[in-house]
Amino acid sequence: DEELIGYTQIGNFNKEEESVYILGSAIDKEHRGKKIESGKTLAELMLNDISDYILLNYKQVKQIKLTISDDNIPAIKLSEKCGYEHLTSTHYGRSK
């Protein structure tokens, strides 16, 4: 039996910045923080896999960006754990 437990919304390619924004993502409350076989949480797995897929398969994309509110500490920690760097007060990026 399959069930949807999360999603990620990806924006269009920004030609000027050579980047794509991850506009939002969510994981069902029951599954947040749960670790899987690799020892990673579903959120880590989702962000890493989507980021890796975009950077490997879309050569024109040089950077993936996230917008995170400065008070969303769990999201900031997750993005940093997944290789994103602090760019501005609310933006984080991961480059090739």
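Preceding this paragraph is the structure being described.
Now for a look at the structure at hand. (Residues numbered from 1 in each chain as written. Predicted model: local features only at pLDDT ≥ 70, side-chain atom pairs only at ≥ 80, totals over all residues. Heavy atoms only, no water.)

Bringing the overall build of the protein chain into the picture now. From N to C terminus, the protein chain includes two helices and five strands. The order of helices and strands in the protein chain, counted from the N terminus, is β-β-α-β-α-β-β. Against the compact-globule benchmark of 12 Å for 96 residues, the protein chain has a radius of gyration of 14 Å, which places it among compact chains. C-alpha extents for the protein chain along the principal axes are approximately 40 × 30 × 20 Å. For the protein chain, the share of sequence-separated contacts (at least 6 apart) that also reach a separation of at least 24 residues comes to 48%. Across the protein chain, the centroid of the 13 positively charged side chains sits 5 Å from that of the 16 negatively charged ones. (Helix = DSSP H or I, 4+ residues; strand = E, 2+ residues; numbered from the N terminus. Rg over C-alpha atoms; globule rule 2.2 N^0.38 Å. Contact = heavy atoms within 4.5 Å. Lys, Arg positive; Asp, Glu negative; His and termini not counted. Charge placed at Lys NZ, Arg CZ, Asp CG, Glu CD.)

Remember that the coordinates give geometry; whether it matters functionally is a separate question.
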